[in-house]
Each structure stands twice: as structure tokens, then as C-alpha cells.
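Here's the letter readout for the chains.
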There are 4 protein chains.
Amino acid sequence: MSNTKDFKIAIAGLGRIGKIHLGNLCQMKGVQVVAAMDPLEEGRQYAKEKMVPNIVSSYSEMLEIGEIDAVIICSPTNTHADYVEMAAKAGIHSFCEKPLDLSLERVVEVLEVVKKSGTKLMLGFNRRFDKEFRKVKELVKNGAVGEPHLVKVTSRDPGAPPISYIEKSGGLFLDMTIHDFDVARFIVDKEVVEVFAKGAVLIDQAIGEVGDIDTAIVTLGYSDGTMAVIDNSRQASYGYDQRVEVFGSQGMVQSNNNFMDSHKLYNDKGIHAALPLHFFLERYQEAYRIEIMDFIKSLENGNEMPVDGNDGLQSLKIGLAAIKSLKENRPVKISEIFCE
Amino acid sequence: MSNTKDFKIAIAGLGRIGKIHLGNLCQMKGVQVVAAMDPLEEGRQYAKEKMVPNIVSSYSEMLEIGEIDAVIICSPTNTHADYVEMAAKAGIHSFCEKPLDLSLERVVEVLEVVKKSGTKLMLGFNRRFDKEFRKVKELVKNGAVGEPHLVKVTSRDPGAPPISYIEKSGGLFLDMTIHDFDVARFIVDKEVVEVFAKGAVLIDQAIGEVGDIDTAIVTLGYSDGTMAVIDNSRQASYGYDQRVEVFGSQGMVQSNNNFMDSHKLYNDKGIHAALPLHFFLERYQEAYRIEIMDFIKSLENGNEMPVDGNDGLQSLKIGLAAIKSLKENRPVKISEIFCE
Amino acid sequence: MSNTKDFKIAIAGLGRIGKIHLGNLCQMKGVQVVAAMDPLEEGRQYAKEKMVPNIVSSYSEMLEIGEIDAVIICSPTNTHADYVEMAAKAGIHSFCEKPLDLSLERVVEVLEVVKKSGTKLMLGFNRRFDKEFRKVKELVKNGAVGEPHLVKVTSRDPGAPPISYIEKSGGLFLDMTIHDFDVARFIVDKEVVEVFAKGAVLIDQAIGEVGDIDTAIVTLGYSDGTMAVIDNSRQASYGYDQRVEVFGSQGMVQSNNNFMDSHKLYNDKGIHAALPLHFFLERYQEAYRIEIMDFIKSLENGNEMPVDGNDGLQSLKIGLAAIKSLKENRPVKISEIFCE
Amino acid sequence: MSNTKDFKIAIAGLGRIGKIHLGNLCQMKGVQVVAAMDPLEEGRQYAKEKMVPNIVSSYSEMLEIGEIDAVIICSPTNTHADYVEMAAKAGIHSFCEKPLDLSLERVVEVLEVVKKSGTKLMLGFNRRFDKEFRKVKELVKNGAVGEPHLVKVTSRDPGAPPISYIEKSGGLFLDMTIHDFDVARFIVDKEVVEVFAKGAVLIDQAIGEVGDIDTAIVTLGYSDGTMAVIDNSRQASYGYDQRVEVFGSQGMVQSNNNFMDSHKLYNDKGIHAALPLHFFLERYQEAYRIEIMDFIKSLENGNEMPVDGNDGLQSLKIGLAAIKSLKENRPVKISEIFCE
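Computed from a predicted structure; not experimentally measured.

**Student:** Outline the interface of chain D and chain A, supporting the account with residue identities and numerical values.
**Tutor:** Listed per partner, the contact involves 28 residues of chain D and 27 residues of chain A. Contact between chain D and chain A buries roughly 2100 Å² in total, counting both sides, with carbon and sulfur atoms accounting for 56%. In this structure, the connection of chain D to chain A is made through 2 salt bridges. Linking chain D with chain A are 11 residue pairs in polar contact (both at pLDDT 80 or more), by the criterion used here. Every element with two or more residues in the side of chain D that touches chain A is listed here: α6 (131-141), β12 (251-255) and β13 (264-267) of chain D. For the side of chain D that touches chain A, the element with the highest residue contribution is β12(D), accounting for 5 residues. Broken down by class, the residue content of the side of chain D that touches chain A amounts to 11 nonpolar, 10 polar and 7 charged.

**Student:** Tell me about the sheet that holds strand β5 (residues 93-96) of chain C, and please be specific about residues and values.
**Tutor:** Residue and element names in this part refer to chain C. Spatial strand order, β3-β2-β1-β4-β5-β6: 6 strands in an open sheet with parallel pairing. Two strands in the sheet have a free side with no partner beyond their single neighbour: β3 (54-56) and β6 (121-123). Geometrically, the sheet is characterised by an average inter-axis angle of 20 degrees between neighbouring strands, direction not taken into account. The pairing of β5 with β6 spans 3 bridges and is classified as parallel. Across the sheet, Phe-95 pairs through a bridge with Met-122, a residue of β6. Sitting on the sheet, helix α1 (residues 16-26) touches β1 (7-12), β2 (31-37), β4 (70-73) and β5, and the angle it makes with β1 is about 165 degrees.

**Student:** An account of the relation of the copies chain D and chain A is needed here, citing residue identities and associated values.
**Tutor:** Laying chain D over chain A is done by rotating through 180 degrees and shifting 0.1 Å along the axis; what remains is an RMSD of 0.1 Å. With respect to symmetry, the two chain copies, as superposed, fit the operation of a two-fold axis. Looking at the rotation axis and the C-alpha trace of chain D, the residue lying nearest is D:Gln27, at 4.3 Å. When the interface residues of chain D are mapped onto chain A, 96% of them again lie at the interface, so the same face is used by both copies.

**Student:** Kindly report on the interface of chain C and chain A, identifying the contributing residues and their values.
**Tutor:** Of the residues lining the interface, 44 residues belong to chain C; the matching set on chain A comes to 44 residues. The largest per-residue losses of area from chain C upon contact with chain A belong to C:Lys198, C:Ile217 and C:Met227, which jointly make up 17% of the total buried on that side. Taken together, chain C and chain A are joined by 8 salt bridges. The shortest N-O distance in the salt bridge between A:Glu245 and C:Arg156 comes to 2.8 Å. Taken together, chain C and chain A are joined by 16 residue pairs in polar contact (both at pLDDT 80 or more). Grouping the amino acids of the side of chain C that touches chain A by side-chain chemistry returns 16 nonpolar, 17 polar and 11 charged.

**Student:** Lay out unusual backbone geometry with the relevant residues and their values.
**Tutor:** Put simply, C:Lys98 and C:Pro99 share a cis peptide bond, and its omega is -10 degrees. Mapped onto the elements, C:Pro99 comes out in the loop between β5 and α5 (104-117). The backbone phi angle of C:Asp189 is positive, close to 65 degrees, even though this residue is not glycine. Here C:Asp189 lies in the loop between α8 (172-188) and β8 (192-200). Using a relative accessible area of 57% as the deciding quantity, one classes C:Asp189 as exposed. Of note, D:Asn329 is a non-glycine position whose phi angle comes to about 45 degrees, a positive value. Within the secondary structure, D:Asn329 sits in the loop between α12 (309-328) and β15 (332-333).

**Student:** Quick rundown of the environment of C:Asn24? Include the residues and the values.
**Tutor:** Residue and element names in this part refer to chain C. Its place among the elements puts Asn-24 in helix α1. A relative accessible area of 14% places Asn-24 in the buried class. Along the chain, Asn-24 and Asp-6 lie 18 residues apart, while their C-alpha atoms are 15 Å from each other. Not counting residues up to four positions away in its chain, the partners in contact with Asn-24 are Tyr-288, Arg-289 and Ile-292.

**Student:** Go over the pattern of salt bridges, please, and point to the residues and values.
**Tutor:** In the structure shown here, the tally under the stated rule is 128 salt bridges over all chains. Here A:Glu191 ties to A:Arg185 by a salt bridge, and the two come within 2.8 Å at their closest N and O atoms. We classify A:Glu191 as partly exposed; its relative accessible area is 32%. When its relative accessible area of 7% is taken as the criterion, A:Arg185 is described as buried. Taking the shortest distance from any N to any O, the salt bridge between C:Asp241 and C:Arg156 comes out at 3.2 Å. Of the two residues, C:Asp241 is situated in strand β11 (residues 241-248) and C:Arg156 in strand β7 (residues 148-156); the sequence distance between them amounts to 85 residues. Each of the two residues, C:Asp241 as well as C:Arg156, counts as buried. Look at the salt bridges and you will find they share partners, linking A:Lys152, A:Glu245, C:Arg156, C:Asp231, C:Asp241 and C:Arg243 into a network.

**Student:** Outline the pairing of strand β1 (residues 7-12) of chain A, supporting the account with residue identities and numerical values.
**Tutor:** Taken residue by residue, a regular strand's side chains alternate between the two faces of the sheet. Residue and element names in this part refer to chain A. Within β1, 6 of the 6 residues are buried, which leaves the element mostly enclosed by the surrounding structure. Alternating residues of β1 divide into Phe-7, Ile-9 and Ile-11 and Lys-8, Ala-10 and Ala-12, and every residue in both groups is buried. Alignment of β1 against strand β2 (residues 31-37), held across 6 bridges, turns out to be parallel. Counted as the bridge partner of Ile-11 is Ala-36 from β2. Here 4 bridges tie β1 to strand β4 (residues 70-73), and the two strands are oriented parallel to one another.

**Student:** Give a description of the sheet that holds β1(A) that names residues and reports values.
**Tutor:** Two orientations exist for strands paired in a sheet by backbone hydrogen bonds: parallel and antiparallel. Residue and element names in this part refer to chain A. A sheet is described by the order of its strands in space; here 6 strands give the open sequence β3-β2-β1-β4-β5-β6, paired in parallel fashion. Strands at the two margins of the open sheet, each flanked by one partner only, are β3 (54-56) and β6 (121-123). Across the sheet, the mean angle from the axis of one strand to that of its neighbour is 20 degrees, orientation sign disregarded. Across the sheet, helix α1 (residues 16-26) lies against β1, β2, β4 and β5 (93-96), angled at about 165 degrees from β1, the strand it touches most.

**Student:** Lay out helix α5 (residues 104-117) of chain B in plain terms, naming residues and giving numbers.
**Tutor:** Residues and elements named next belong to chain B. Its 14 residues place the ends of α5 20 Å apart at the C-alpha level, agreeing with the 20 Å of an ideal helix rising 1.5 Å per residue. Those residues of α5 lying buried are Leu-104, Arg-106, Val-107, Val-110, Leu-111, Val-113 and Val-114. Contact partners of the buried residues in α5: α4 (77-89), β6 (121-123) and α12 (309-328). One side-chain oxygen at the N-terminal end of α5 lies 3.3 Å from the backbone nitrogen of Glu-105; it belongs to Ser-103. Directly after α5, the chain includes Gly-118, whose backbone phi takes a positive value near 75 degrees.

**Student:** For the packing of helix α1 (residues 16-26) of chain D against helix α11 (residues 285-301) of chain D, give the residues involved together with the corresponding values.
**Tutor:** Residues and elements named next belong to chain D. The N-to-C vectors of α1 and α11 enclose an angle of 65 degrees; their axes lie 9 Å apart at closest approach. Considering the relative orientation of α1 and α11, their crossing is right-handed. Taken together, the residues of α11 that come into contact with α1 (itself represented by Ile-17, Ile-20, His-21, Asn-24 and Leu-25) are Tyr-288, Arg-289, Glu-291, Ile-292 and Ile-296. Its residues placed into classes, the contact of α1 with α11 shows 6 nonpolar, 2 polar and 2 charged.

Rules of the game
Residues numbered from 1 in each chain as written. Chains lettered and ligands numbered in written order. Predicted model: local features only at pLDDT ≥ 70, side-chain atom pairs only at ≥ 80, totals over all residues. Heavy atoms only, no water. Contact = heavy atoms within 4.5 Å. Buried area = accessible area lost by both parts, 1.4 Å probe. Salt bridge = Lys/Arg side-chain N within 4 Å of Asp/Glu carboxyl O. Polar contact = N/O pair within 3.5 Å; in protein donor to acceptor, adjacent residues only side chain to side chain. Helix = DSSP H or I, 4+ residues; strand = E, 2+ residues; numbered from the N terminus. Nonpolar A, V, L, I, M, F, W, Y, C, P; charged D, E, K, R; others polar. Pairing = 2+ DSSP bridges. Axes fitted to C-alpha atoms, helices over the stretch in contact; angles between N-to-C directions. Least-squares fit on C-alpha atoms with pLDDT ≥ 70 in both. Buried < 20%, exposed > 50% of the residue type's maximum accessible area, 1.4 Å probe, protein only. Expected span 1.5 Å × (residues − 1). Left-handed = near helix turned anticlockwise from the far one by under 90°.

In C-alpha cells, the structure reads:
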């Protein structure tokens, strides 16, 4: 199976997302997963089942294996910046799950290192590879709705993560809404200049006790007057809700959720249909596959990364502006968010 | 309100449908309802409330009032043929609820009388005036689906009528399916040449005991190879189900039911929506209004009747062929159905 | 037809909406339209066709006719307050198209007069009588979505009114969004405490030149943390867009537009369906009928008005807060809006 | 990777379907594809890429490799019976693509051999593993629609196969409709007793010239009065159309097509949506995976085959009855179809 021309990949972190990426990589032609790293036995065991030849428990050890073209970073958020930096310094491209870091200063720093190294960095904003969001993007880009005026992103999770996770997550805007900020940028392809965030604790008081919110409406203003609005909830009783609507001068396009099946049951109580796919693993299963494939292809062809460091930086800035807006109860300009 | 140029209408029979027609006529400009007839006090009382000037209990008496341009016949089926005939002989146009008669011989006879009289006759196939069926017809006519290959008519009632009604109704095919035969003819605009009917008693054994069926699938063959299939049930637990689908060489068009409202409720059990409008009075409310308006307009403009005696005759023939087919368990040609 | 027990109605203003109300009133049992007023010949002519016995060109003249139980006020906005006041002083109930006035002071003043007079006042927020909004309200009220967390109102017109109209309209928020403010109050049944409005001129620069906007996103905060967001456009290429979505602790309910018909056409280009009903006259035809019927019934039964003066006052306050918010680019509390 | 406890599979025929099965088998845990056979170099090359250890060009040679637990037969239809028979005699289980054979006599013969051998045989009716059909089946089985009265199967291909294929296919009913016959049996779980088939050549005269039809409506009668109707076309301009509807005493359930994406584009022409997934490879991709997995699992657990030889036999009988019905233009009883 080994082939000297194969693309050689290492993977760091074999939690939920790491396993998905590893599974997808194992099925790609022209790709060899040469190394995997996880501090936990359970993760390493998974790599073993997938017959990864080099399995280690430390990231630096993995980088020393040599001949690695790119590394896939799926370890906890607080390792992302360091791991990307280390890879860049070793001349290794990296794909990193979002966010690169919760600190703007650190993100700017790492991007600088990557830039100097000449390596490539892709960020894991997986929704850009979902067929629904892509279709909306394609139609907007092709002018099917004319000039975009209003963008509406609905993004609700089926349930909140544990409080222990929320505490370290950077809060709703950096943990969850950041995907929606990226979607808003992706679809309209213009920069956001102002943010107004409204939020509340309506689901679980414990979330409020650790200083976070669980429900929000965020309004974004783009440079040219286009407006976007995102609504979030940590807990939708009916499952994962991921929709987008773009209204423009010539029309409107909507994408819907993906459902478990298409059945409609008619009885004397009403008409009944199946719920949306439960959560991101189900909804974005195919998006994850395409995402990692696009990363590899872009490297092979020397193309621009489909989602680069700047995309991560901009969404982080929007998120930080949203945090400030919520705190100060006023619209905040992106230009107010800078490294001190 | 009276105006010598107004169109003068008499109405016979003020049951469920008669009331609807009278209500609609009372709101039409240029129309005067000059007389109403019903053997029952309850019907005459309704006419009184609507301020009809001449209210009688016998049809012949009503025709003698004079100056009647047209009569709307909504009395029981077994009076239709006689009433149309009497109107024609008096030089009065008629609109008659379907069917004209359950006997082919009698229908042919009456149509002959009408023809000789020079009066016009319209039959009340109300679905031709429903916006859904009209849209399908219009699209098919405009070639939106190319050459029609397959037509599918779904027609299910929310509940069976009383056995006493069923006994005299002429049976499922002449009472209920006859509307669907007309829809099949209306949409494709070609004549049916062969019928195969399959039926069963699945809802109520009492229906079987009076020699009728409550569930059926009828296949129709048109002269050019186009095929249609109708499915019927006397009792759909979820309400009135009236859909049509036309598949052709270039596409397909479907019409759906009309629903009570458009809401969708998402909860942990699924997604729930409202049922179809309950029955024909709700679903075809607007169709009845347009139907009677079209009758008047066509008379005023000297146009062809939108549904004429021949339409009634052809649907009756298809119905009689279906009855024969069911009885003999074989496809029956329309040419086998003729006056003896 | 005259009956001493009939409810006697006068109508002021026979423009587009006045004609609709008159038409509906003429078909109601137990109601007599005894007088109509319009300064224009065209309006008076319409009343004549509807056989209104007293037709005048001045409002005060009409009130002097006597024996009027209630007046329907559909005249231009700048007459509303005076006409309601005059009716109240004459002991006549009134139904008044929204808004009562664009000035908070004047509205408070008029409501005071009405209160003292002991007469009833209903305001014409017609959407409360639309089956879609009612169904959403009913489901929310019955707890079908649990506690409401997020309300989303989409409200887009098919085309902007003439600039001459916009100039005097009070602006987007008082002319158009005020309906949406009322919907947001109607559905959640709690008071709004804070408003943040974002707006832009994206459709027609001429609208900007008269100091108005044509596109907006308005976020509302309720007293208990519930949030609502309204998006508006003066011009949707695909027609009138009127939807609402309520997300709550136990589920979500959405209402959709009403469409011209239900057809779906499948061809090699895609699947195609009909557009929404064009504008408010089509969409809210039935709502207008129910609205005026509810007004009469509530008077007859001595019930509370289904939409009263306070409803008008609250929506006006939200609108004024939205105007202030847009101007000052900050969230504005309703408590900041008061009579000076 | 080799494991003595692994299930050892051989595969015969690496055309379109063979490749899909091989691809799916390669990703299954506990399964080893130990041998592949294809008379064509192209098929063998595919097996090589998938690293199948033994690759041969003759079926008998493959069976001699030894230690094969089961064989997957995806070779041309005219080899199916022989290959299943040979496997059975060698004590090897088989999964065989439908149909086992076009001759009833040969099918009965082979099933006898399989029975005596004690091996298992599964037939490749892939739709039984599609989530849409399974959901309908599950709901019907659980009584969600009460007693089934009417079953409607829509089955249309996006384009006809080459005439050379059609000539040897056994005709529309045995090549295409046989899947729908199986669906009708699968969903209702009762035996069909009578068939009436109506067909025409409406798409391509060349199809008629080789004695086949391209458009059909087939009505099925079950033993208890339940009826089913299938409509077929070899060419739907809008793609692959695979729907089912079951109407019963307590409700109705429908399954729909699966679409390319969920977008809706609103513009001044109408509302536009994406087409169904193009053809069976796209629509049933996941069904193929589950099908082969169920085969393996059933063997491992010693369970009944999810689709067995009798299922193939019954659908073949319905197909033969349909052919006879079309030829003789009369309903044909399944009991008329027997080995001579």
C-alpha cells in the first residue's frame, strides 16, 4: 500500500473529531497516515485498529518521525496554537480544528510564524464543505439573489455541553457562534464591520453561573450596508438546527436542515415527519470527508487553502466584538478589536 | 337592485350545494335570483333569508314564473334529467349538478332534448374550477410536462355517506369516482378508451351488503397509450385527499391538498403540520363560486359551456365501464358501453 | 332588510381598505351599514353601489345622521385621532385603522378621551386575525413550544409605496414594522422593554433622500429575557413574505406564507413551485373579514376589544424606540419613550 | 489485518454493482475479501487496487481457493443460477444480485439445491435497506396506518438502458418492476394473488421493436383485498423517482425521493428547488452498504436471510404474471404461474 509519492499525514488528537478525520483519511487514495498521537490510550488504540504505523503519545515525538507532509490537529483547543507553530517551524503544513486560539494576540503571533515558515494552514470550519451551505454560497456568488441585503443564520444545538466544557470554551460566541460568523462571512464574501449581541440565560442557570449565556441574537453589519442576524440556542428540543437564508435584490435562497428520513405520516392528529439529523456528527459527516479531502488536494495542487488563517482571525474578531457588545450593551465595531 | 338587464336565475333544491350556489349568486353583480324551489320548508326558509322574491315548492310552478334565463338544479339526482328536460322545453338554460342521470339511455335522451331546444346545459363538475386542478391543466396544456404519459388521481373522502345514500347513489364509481373520471378527461383532454377497475369493501361491511365497494383502483387507457390511475377510498382518517400528478415526456406536475394552515411544529416527537381542509365544502368553496360565475359569464358571452352535456356523458360511460369491469374482472372498452 | 335590532355602522373613508371593510360588512347578518363618508366622488360611488342609504362627504355630517352604533375609520392617518375622538364624544364606538397617530402625545390624549366616553376602540392590526398568526399564537399559548426564547418575524413587501406616501408615513418603523411589533407582542403576550434597530437604504436611494430606510433588522428584548428579531424589506422580488417562527424550551413553531397554488413542476432544470400571494389584500383577505366580524361581535357581547388602544400605544412606543435606536445606534429602552 | 476468525468472502463480477459491494466489504470489520473473479481485465484491476489477495477470471477456479465462507454474485444475470448452485454444492453461502433467473423452473431448481445444501442464499433487493422504504415498512408494521388498503409505488428511471441490454433483460417487468413487486411485498407483508398490467411504448419506439414496453401501470391484488398500484417509466426527465405511499384504515404514510440538496430559491419566476439524486447508485449508496452488512451479520448470527430465495421466487412470479397479463389484456392470478 505504501507508495513514495503518497501524501504523508500525521494526526494529533483522536477524540471525536480526530477519529472522523482519521477514518476519512484511511479511505483516501494517495494518502498515507504515517503517524498518530494521543496522550490517551483509548485514542492510540483507535489508531492501532486503523493500522497507523507510528503511534505516540507526545506531539513533539510525532513530528520527529520525519517525512510528514502535513499534520491534522484535533487535540484540545489550548494546544492548537502551539501545535500549529511547531509544525510550521518543522516545515509541516497543518490543518487545525477551530479555534486556533481564544486570544487574538496569540492567533496573530501564530499566523506570523506560519507565514514566515512558508507552510500552509487550514482551519476546520466544516460547514463550508456542507452541500447545503455550499449551494447557498454558489447561488449567491452566481447572482441568483442579486445583491445580498439580509442574511439569516439559525444555529441551535440539541443540547448544551457539560458545564466543565463551557467554562473553558471561551463562551457561546467563541465556541458556537464562531461557526455562524464564518458562515456569514463565507456566504456574503464581505467583511463584517459592526456587531450587536443580545444574549440571555434561558436554558440552564448553571451556564449563567460560569459567566456564559445559552441563547443569543447577534446582528452583524457589513461594510456596504448588508446586514446579517444569527440566532443561537444551546438546546433545541427537536435536535440540531442549521439553516441559512439570504435575501437579496433579486430573490431569496434558503437552505434547510437534513432530516432522518423523508416520511410523512398522516393521521387524525395531523401530519408528522422526521426530525433533523441529531447533531453535527450526523449532519456534517460528508462535510468532514470533503473538508479533509480539500485540504489534501489544495496542498497537492499548490492552491490557496479553502479556509485559511485569516478566516480564523476574522471570525475570532467578530466573536470578541460580540462578547464586548454583550457586556457593554452597545454595537461594537470590529475596528475596536485589536492586539494591545 | 332590480335591473331589467340583470341575468335572471331560478334555483331548484336548497340542500347543501343549493345553499352554496344561492349564496354565491346573491353576491354576483348583474345577477338576480328571481325564484327558488324546494319541497322542504327548511330550504324555502333559506331562500327567504336571502330575499328571493318567488319561493315555491314545485319545480313546474317555478318555471311558470316567467322571465327566467337559467335554472340551477341542485335537487336530488333522480330529478336531474326531468328538470333539465323541462327547462330546455321552456327555453331556459340549465346548470345541473352531476350526474345528469345514472342511466345512459336517459342521459342521451335528455341531451337530445337540450340540443333541439337550443338552450345550454352545464354540468357541475366543480373540480374543474379549483385553482389546483386548473393549474395542472394549464401546465399540461402549455406543454410544461411534454406529452402526458401517466396521470395519477388520488381521491379519498374523509368519511362514507350514510348507507341510505349509498344505496341510491349508483355506487362508488358513479357517485364518487365520476369526479375523478372527469378530472382525468379534463387534464389530458383526450378520450378514455378502456377501463379496468379493482375494488373491495375494506371500510364498512354494510357498504358491501348493499352491493357497493368502498375502496378502488381504476386504471384508464387513453386512445394514444397514455394511462391514468385513480385510487379511491370512502374514508381517509386524515380528511379529504384530492391530489393529481401528471407525468410526461418532459416533466411532471403535482398538485397537493389545501391545508388548514401552514404551521410546522417541531418538538422531540417529530415535526407536525395541519391536516387538509376537511371535505369538499371547505376545499372547493372558491371553486363553487367560480363555477357558477363561469356558467353565467358563458351564457352572457354566448361562449361554450365550460363543462357540457357530453362531458357528463363521457364520464358516465367511464363509470359504467368501471362497474362492468369490476363485475366481470376484466378491462372493459368504452365502446362496449352504449344504449341498447 | 332593515331591522331595528341590527347593528348600525358608519364607515369613514372608502379607499382600498375601506372598500374591503364595506364589502365584508354588507355580507354580515345583523349588521346595517347606515352611512358612508368619503370626500372623493369615487369612494361615494362605491358606497352607492353597495346601497348605503346615507352617503356624505364630511365626517361630522355623517356622525349627525344619528343612531350610529359604531364607526369604521379608514380615512388617511392624519384624520384618525380626530375621528376617533369625535366618535367617542358622540358616544359612538370606533374601529380605526392603524396607526391612531404618529405622535405619542396625541395617542395618549385620544385614548384618554375614549376612556372617559365609555365607548370602545379597536385598532386594525389585521394580522392578529390571519389563520397563520393565530395558529402560532394558539400553539404558543397552549405551551406547545414551552417557554418562548426566540421569536423571528419576517416581513417583506413586494414593492415600496410611492415616495410621496413614504414621506408622510412616519417611516419604515411606524408604517410597516409597526405590524411586526404588534405580531411580536401578540404572539408572546409580554411587553417589550428594549429595542435595537439596524437599517439601511439598499433598494432605492430616493427613500434615503426623504430620510427613511428600506431594509432593517430590529431586535427586541422582552422583560423576561425572551428575544425577538424582525427583518424587513420594502421590496421582495418574489412577493409578499410574512412568516413567523417561535423557538421555545420545548419546541419550535413556524408559519409560512400562503401560496398562489400548491403545484410542483419537476423538469430537467429543477422543481418549481408557485409564489406567495402577492400582497396584503390577497394574503389577508380572510383576516380582514374576521377582524371586522370580531369587532362587531365583541361590541354585541360586551367583550374586550380584541386589539385595543393600549395595543396601538405599545406598538407606537416600540416604533419610536426603534427610530431613536437607529438614529443613535444604540439599544433604546421603551421606558425612554414617554410624553414630554 | 488477516484474522482467522474473519469472515471470508469471495466476489464474482466486478461491474458497477460488484465494485460497490467490494468497496463496502473492504471497510467492514471482521470481513476479509479473499478472492475476486472477473473475466474482464478492468474488473480484475479494480480488485487489485483493493488488494484482494486472489484474483481470477473463472468462477470455478475461485471456488477452489478454499476457506470461502460466502460468495457475492454480481456477474451477468444469465450466470446467477449456475453460480449460486455451484456455491451451494461447495457448501458456500451466497448473496446474489436479482434476479436469480428469468425462468421459473430454473429458479425453483436452484432453490431446491440450495435448500438441500444447507447453505444460505440472500437476494439483492437493495431497496429493502434504504432508510425511506424501511421507515415506511416500520410504520406500517407498527400499525401507524392501521390496516393497509392501498399501496402506491412510483418507480421511474432517469433514462432507459441501451437496447442491447433491454433485449436480454427479460423486459420491463422482470428487469425494473421486479424491484417494485418486492417493495410491495416487503411493505405489506402479504402475498399478491392477482396482477393486472397495462403498458405502452411512449418513450422510444426502439424499445417496442425488441418487444418491450417503457411505461406501465400494474395493479396488484393481495389475498385480503388490499390493492397496490405501481407506475413505471424508463425515462423521467427530472431524474430517478422512487416513492411509496401506503394508505390504511388509520392513516397514510408517504416516503419521498432524496434530493441533491434542500435549497429553495425564490425569485420573480417562482420557487425553485433541487432535483432528486440522479439514479440508483446515488440514491441507494447507503442501502448497498447496509444490505451487504446485513448479509454478513445474518450469516454470523445464524439468522434468517433478510431477503431469501422465496422472496426472489415470489417477485419473479408476479413479474411473469404481469407479462402474461399485458399480453392477454386481463388480470392474471399468481396461481396461474407455475412450473410446467
